[in-house]
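What follows is the residue order along each chain.
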Amino acid sequence: MKTDIILAGVGGQGILSIAASLGMAALANDLQIKQAEVHGMSQRGGAVQSHMRISDKEIASDLIAKGGADLILSVEPMESLRYLPYLHETGWLVTNITPFVNINNYPEIDAVMTEIKKIRNHIAINADAIAEEIGSKRSSNIVMLGAASPFIDIPFEKFEIGIRQIFGRKGEEVVKANLAALRAGREFSQKNR
Amino acid sequence: MSNQKLLLLGDEAIAQGAMDAGLSGMYAYPGTPSTEIMEYFQASKQAEELKIQRTWSANEKTAMETALGMSYAGKRTMVAMKHVGLNVAADAYVNSAITGVNGGLIVVAADDPSMHSSQNEQDSRFYAKFSLLPVFEPINHQEAYDMAYKGLEFSEKFGLPVMIRITTRLAHSRAGVTRLPQLPQNELKLPKNPTQFVLLPSIARVQYKELLSKQDLMEKAGEEMGYNTYFDAADKSKGIIACGLAYNYLVENYPDQKVPFPVLKVSQYPVPKSLVKKIASECNELIILEEGAPILEELIKGYLEKENVKGRLDGTLPRDGELNPNLVALAMGLPSVEGKPVPSVVTSRPPAMCQGCGHIDAYNALNVALADYGKGRVFSDIGCYTLGAYPPFNAINSCVDMGASITMAKGAADAGLVPAVSVIGDSTFTHSGMTGLLDAVNDKSPITVMISDNFTTGMTGGQDSAALGKIEDICAGLGVEPEHIRVFTPVKSKHDEMVQIIKEELAYNGVSVIIPRRQCVQTMKNKNLAEKIKELGLR
């Protein structure tokens, strides 16, 4: 088993909380992981990505090779396209469709969506709207993780264990909200894949 | 100690390894990608219980020297910095090769090839080679942990500081680590030789000979520790020497990580000469993969180019930048398949100062105040405010090294560019700006120094600033006239007032210090800092 995932977003959007939950899920399933993050200058509102590698065998490189990613998981639509050179031809692109506009020359969102729809295997999800629907605005990242979960070779209950471990300290309410977000995201992908 | 694997950043693996090996003191100045080493110590309950000294130093030189003092007193210690921080600490580091150590001493140098968050991509192994000091270069998190743990023992065995050299990818990548038993801290114990740390020429000459005599012994010990490994294979048409992380990118390209050619993995220096000779004599050509500068490649290839050596110097690999699996695949003659190109609709999204950042208001005022004098006279420094180089500000004309804003402004003023302006942050000012300010005061140079004070070391994530609550006193103590030290709060509503103050000081024919002061928006949740700010009456 091997799943190589590019996590994408903008500095400050919190892709590292997705990575942490995913890492916990992988560990709960006795898998090896390597996860390369971006710290420092780019965290100030710049484009950020994280390479998350999960495998049942020893992992050598911290970086995913271009053309080797099984999944791009992006919390921002334009950012999902920035890493296309990494996506394997059979890989999935799972992206939030809510743009994060902190630059003057952000492209027309329709043009961005057109490019996303050109990818054969894609899930475009309004994670912010879904998070709001289930009454947990701040959980849109976990909606995204749920949306990506069908494409990651880890049993779903392990994702739930990961969520409990990451959010357990913040109390049962927060855990419940994030579990609901996880399930809502997963449901969307299962219906729309 | 628990047997469960810990999920750690490479930086954290080094910290945990040193902590478990009986460390007594950790010293550092923040710098990407090294910052998380000290942060791990500061957040650690274990470090708290063990009473490990772990506060940020004013700069890398003071950190290195303090560590050397702790080593003198017989205890185990570690100092961490980014690659360019080693430039600052170099005086102490290079001379520590001649003093040697008493308690074990590790110097962590975190390099940043491809300059993700740095102004150059210098390779710290050069410093170690130049100083004749040993280096460990881990390829993964377990090696990072082990090398810190065993490096302290190695340091005491050879009586020398040990460098652990990592690069960004390992520093900021997470993986599982298994721990070794917790060792007790050393007792306080003076050096056996009372003049060991007295580098008078007569003593230094003797100790330098000792340092030279240790080189072969360290090389031999390196072969025994198992970090430098020779993997034999049947196809001798080429042999590969892979240093540090380059080894991972090599094996990543082969099924089950089995390379069909002989491979020499190098993770410890001095360079294992006998293994290099072995692979060179057995293979038709050598490919040398190094994450960083072509140091081994140059050594092996030599000016006479006797060996058939390929690598960064002949274009087999790019001369600059970080390696990755695709670049190494191409170097090995393997196909490198990429996915779809980035669509043209994707625009670049560079880092920017945060919404509500005080630096923004300070720059807006400075730009207006300087409008009458014309462009090209603002010397800046290393920090978030360096982002003022980008539009819409286009506010600065230099960023070179820590503290250079003040001294470059003085030099430009000496040349006749008056007024010359310096922009520097609070932490950078106490790191390396103070001495330059003294030069300017002594010459009564017509410069205006803007110390943009946000109570923190911002760019690296909001670490403590040694300057907190001390800036006016430091400036006055260095001789800046109190009436030309001007403090104000950089907010939109005070824009006109700020412009007026800056204009007044630009017109003054001597050293002025203006201090826009407002807390970094990233640190608003830091209760500890909030308390200190209140205590010092800073707002």
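Residues numbered from 1 in each chain as written. Chains lettered and ligands numbered in written order. Predicted model: local features only at pLDDT ≥ 70, side-chain atom pairs only at ≥ 80, totals over all residues. Heavy atoms only, no water.

**Re unusual backbone geometry**
Residues and elements named next belong to chain B. Just so we agree on the cut-off: Secondary structure counts use DSSP, requiring at least four H or I residues in a row for a helix and at least two E residues in a row for a strand, with both numbered from the N terminus.
In this model, Tyr-269 is joined to Pro-270 through a cis peptide bond whose omega is 20 degrees. With respect to the element layout, Pro-270 can be found in the loop between strand 11 (268-269) and helix 11 (273-282). For the peptide bond that leads from Pro-391 to Pro-392, omega is 5 degrees, which places it in the cis range. Mapped onto the elements, Pro-392 comes out in the loop between strand 14 (378-379) and helix 15 (404-414). Look at Leu-132: it is not a glycine, yet its phi comes out positive at around 65 degrees. Relative to the helices and strands, Leu-132 is located in the loop between helix 6 (125-131) and strand 5 (135-136). One non-glycine residue, Gln-257, lies in the positive phi region at around 60 degrees. Along the chain, Gln-257 turns up in the loop between helix 10 (246-252) and strand 10 (263-266).

**Quick look at the packing of helix 6 (residues 156-167) of chain A against helix 7 (residues 172-192) of chain A**
Residue and element names in this part refer to chain A. This is how the line gets drawn: Orientation is described by lines fitted to C-alpha atoms, with helices fitted over the stretch in contact, and by angles between N-to-C directions that extend from 0 to 180 degrees. Any angle that falls under 35 degrees is termed roughly parallel, while one over 145 is termed roughly antiparallel, one within 65 to 115 roughly perpendicular, and all others oblique. For any helix crossing, the convention is left-handed if the near helix is rotated counterclockwise from the far helix by under a right angle, and right-handed if that rotation is clockwise. Contacts: residue pairs with any heavy atoms within 4.5 Å of one another.
Across the interface, helix 6 lies against helix 7 with an axial gap of 9 Å and an inter-helix angle of 150 degrees. Comparing their axes, helix 7 and helix 6 come out roughly antiparallel. Every pair of crossing elements has a handedness; the one defined by helix 6 and helix 7 is right-handed. Residues Phe-156, Phe-159, Glu-160, Ile-163, Arg-164 and Phe-167 of helix 6 pack against Glu-172, Val-174, Val-175, Asn-178, Leu-179, Leu-182, Arg-183 and Arg-186 of helix 7.

**Section: the nonpolar core**
Residues and elements named next belong to chain B. The line we're drawing: In these notes, a set of buried Ala, Val, Leu, Ile, Met, Phe, Trp, Tyr and Cys residues joined through side-chain atoms within 4.5 Å is what counts as a nonpolar core. Using a 1.4 Å probe on the protein chains alone, a residue whose accessible area is under 20% of its type maximum counts as buried, one over 50% counts as exposed, and one in between counts as partly exposed. The domain boundaries here were taken from an automatic or database domain assignment.
Residues Phe-41, Met-78, Ile-240, Ile-241 and Leu-250 are the most contacted members of the largest nonpolar core, which totals 107 residues. Built from parts of two domains, this core gets at least three residues from each of domain 1 (6-225) and domain 2 (229-331). Non-local contacts of Met-78, meaning those with residues more than four positions away in its chain, are made with Ile-14, Ala-15, Ala-18, Leu-23, Gly-25, Met-26, Tyr-27, Ile-37, Phe-41, Ile-106 and Val-108. Counting 50 residues, the second largest nonpolar core, distinct from the first, contains Leu-370, Leu-387, Leu-437 and Ile-514.

**Re the domain arrangement of chain B**
All names here are of chain B. To keep it simple, the criterion reads: A simple way to read buried area is as the amount of 1.4 Å-probe accessible surface that goes missing from two parts once joined, with both sides added. By definition, a salt bridge exists where a carboxyl oxygen of Asp or Glu is found within 4 Å of a side-chain nitrogen of Lys or Arg. Each polar contact in these results corresponds to two N or O atoms within 3.5 Å; when the atoms are within protein, one needs to be able to donate a hydrogen and the other to accept it, and residues that are neighboring in sequence are counted only if both atoms are side-chain atoms. Each residue is assigned to one class: nonpolar for Ala, Val, Leu, Ile, Met, Phe, Trp, Tyr, Cys and Pro, charged for Asp, Glu, Lys and Arg, and polar for all the others, Gly among them.
If you check the domain split of chain B, you get domain 1 (6-225), domain 2 (229-331) and domain 3 (358-535). Taking only C-alpha atoms, the centre of domain 1 and the centre of domain 3 are 33 Å apart. Counting residues at the interface gives 12 residues for domain 1 and 14 residues for domain 3. Across the interface of domain 1 and domain 3, roughly 930 Å² is buried in total on both sides, 55% from carbon and sulfur atoms. Connecting domain 1 to domain 3 are 0 salt bridges. Our count for the domain 1 to domain 3 interface comes out at 5 residue pairs in polar contact (both at pLDDT 80 or more). Here the side of domain 1 that touches domain 3 is built from residues that sort into 5 nonpolar, 5 polar and 2 charged.

**Some remarks on the sheet that holds strand 15 (residues 420-425) of chain B**
All names here are of chain B. Filter applied, for reference: Here a strand pair is declared whenever DSSP counts at least two bridges between the two strands.
Within the open sheet, the 5 strands sit side by side as 14-15-16-18-17. Their pairing is parallel. Among the strands making up the open sheet, the edge pair consists of strand 14 and strand 17 (485-488). Alignment of strand 17 against strand 18 (residues 512-516), held across 4 bridges, turns out to be parallel. Its bridge partner lying in strand 18, Phe-488 is registered against Pro-516. Docked against the sheet, helix 18 (residues 495-507) engages strand 15, strand 16 (447-452), strand 17 and strand 18, running at close to 170 degrees with respect to strand 17.

**Thoughts on the packing of helix 1 (residues 15-28) of chain A against helix 5 (residues 140-148) of chain A**
Residues and elements named next belong to chain A. Following both chains from N to C, one finds helix 1 and helix 5 inclined at 45 degrees, their axes separated by 9 Å at the closest point. On the basis of the axis angle, helix 1 is oblique to helix 5. In the crossing of helix 1 with helix 5, the sense of the turn from one axis to the other is right-handed. Between helix 1 and helix 5, the contacting residues are Ile-15, Ser-17, Ile-18, Ser-21 and Leu-22 on the first element and Asn-141, Ile-142, Met-144 and Leu-145 on the second. Residue composition of the contact of helix 1 with helix 5, by class: 6 nonpolar, 3 polar and no charged.

**Notes on the state of the cysteines**
Residues and elements named next belong to chain B. Which entries qualify depends on this criterion: To count as a disulfide, a pair of cysteine sulfur atoms needs to be within 2.5 Å.
In total, this model carries 0 disulfides over all chains according to the counting rule given. In this structure Cys-357 is not part of a disulfide, and its nearest cysteine sulfur, from Cys-354, lies 6.2 Å away. We classify Cys-357 as buried; its relative accessible area is 12%. Left unpaired, Cys-520 is separated from the closest cysteine sulfur, that of Cys-354, by 6.4 Å. Residue Cys-520 is classed as buried on the basis of its relative accessible area, which comes to 12%.

**Remarks on the environment of Ala-362 of chain B**
Residues and elements named next belong to chain B. Relative to the elements of secondary structure, Ala-362 occurs in helix 14 (residues 358-370). The spatial distance from the C-alpha of Ala-362 to the C-alpha of Gly-321 is 35 Å, given a sequence separation of 41 residues. When neighbours within four sequence positions are excluded, Ala-362 is seen to be in contact with Met-450, Ser-452, Pro-490 and Pro-516.

**Overview of the sheet that holds strand 2 (residues 23-28) of chain B**
Residues and elements named next belong to chain B. With respect to topology, 6 strands assemble into an open sheet ordered 2-3-4-6-5-11, the strand pairing being mixed. For this open sheet the edge positions go to strand 2 and strand 11, each flanked by a neighbour on one side alone. As paired elements, strand 3 (residues 76-82) and strand 4 (residues 105-111) share 6 bridges and run parallel to each other. Bridge pairing links Lys-82 to Ala-110 in strand 4. Packing of helix 7 (residues 141-158) onto the sheet brings it into contact with strand 2, strand 3, strand 4, strand 5, strand 6 (162-167) and strand 11, and relative to strand 4 it is tilted by some 130 degrees.

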